[in-house]
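A closer look at the structure
Chain by chain, the residues run as shown.
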Amino acid sequence: MEIARVSQVCPEHLGFIRANGDRHIRQKSFDYYKAGGSEGDILLEYRIDGELVGLSFTACPNGHSKYSITVVRRDFRNRGIGTALLKAKKELAAARGCQLRSLVAQSNTPSVRMCSRVFSTREVQDGKYLFYDGGAPCAE
Ligand SMILES: CC(C)(COP(=O)(O)OP(=O)(O)OC[C@H]1O[C@@H](n2cnc3c(N)ncnc32)[C@H](O)[C@@H]1OP(=O)(O)O)[C@@H](O)C(=O)NCCC(=O)NCCS
């Protein structure tokens with residue numbers, strides 16, 4: 001397993017998000033981690049041979065996730081890395097009583113597909129977004 005939990009956001013993470021976020025990362029979330037995040041945030045790295053190829057962050061302030069980010073390096077996409085990170089994050093969040101949620105633009109097909117594999121419920125919001133909410137993982 002190449003997924004590791006880390007305790008702090010570092011400059012490498014921020015550069016990685018900037019380089020690979022494809023403008024899908026909310027500025028509010030980026031700014032939260034840029035400011036250092038908070039103790040208890042779930043910060044996961046996916047490394048292959050020591051190289052950072054994916055990361056997934058979430059804050060769990062009041063039993064629900066906030067400031068969620070999942071990013072995979074472009075040349076490592078479509079191999080299940082994003083899904084593996086999201087699943088691991090969901091399990092860690094659940095273990096501390098936090099339900100993972102995600103708001104995804106319907107136009108962001110890779111993210112929609114990834115979330116559909118990990119979350120069981122979703123609803124359309126404002127005609128543009130899909131809101132995913134906890135529950136048991138979908139059968140694959
Ligand atoms: C979203 C993201 C994290 C997914 O990472 P990943 O490692 O490629 O994810 P996975 O391989 O687990 O799954 C990607 C799915 O999208 C599908 N996909 C990718 N590009 C696609 C396209 N252009 N059209 C249709 N489906 C596409 C893949 O086939 C796969 O679906 P499947 O497993 O059902 O076949 C990655 O695309 C990314 O970093 N995007 C930029 C940042 C972002 O949008 N983050 C999400 C919001 S925080």
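Owing to the predicted nature of the structure, the values given are computational and were not obtained by experimental measurement.

What follows is about the confidence of the model for the chain. Per-chain confidence: the chain averages 90 in pLDDT, with 94% of residues scoring 70 or above. The low-confidence segment residues 136-140, where pLDDT is below 50, has eight contacts with residues more than four positions distant or belonging to other chains.

Next up on the list: the sheet that holds strand β5 (residues 101-105). Taken together, three strands build an open sheet; the order of strands is β5-β7-β6 and the sheet is antiparallel. The open sheet is flanked by β5 and β6 (121-125), the only strands paired with a single partner. Shown here is a sheet whose adjacent strand axes are inclined to one another by a mean of 25 degrees, direction ignored. Set on the sheet, helix α4 (residues 109-118) makes contact with β5 and β7 (129-133); between it and β5 the angle comes to about 150 degrees.

Nonpolar side chains in soluble globular proteins tend to be buried together. Membership of the largest hydrophobic core comes to 26 residues, with the highest contact counts inside it found for Ile42, Phe57, Ile81, Leu85 and Cys115. Counting residues per element, this core draws most heavily on helix α3 (residues 81-95), at five residues.

Calculation rules
- Residues numbered from 1 in each chain as written.
- Predicted model: local features only at pLDDT ≥ 70, side-chain atom pairs only at ≥ 80, totals over all residues.
- pLDDT = per-residue confidence, 0-100.
- Contact = placed C-beta atoms within 7 Å.
- Pairing = 2+ DSSP bridges.
- Helix = DSSP H or I, 4+ residues; strand = E, 2+ residues; numbered from the N terminus.
- Axes fitted to C-alpha atoms, helices over the stretch in contact; angles between N-to-C directions.
- Core = buried A, V, L, I, M, F, W, Y, C linked by C-beta atoms within 7 Å.
- Buried ≥ 20, exposed ≤ 12 C-beta atoms within 10 Å, placed from the backbone.

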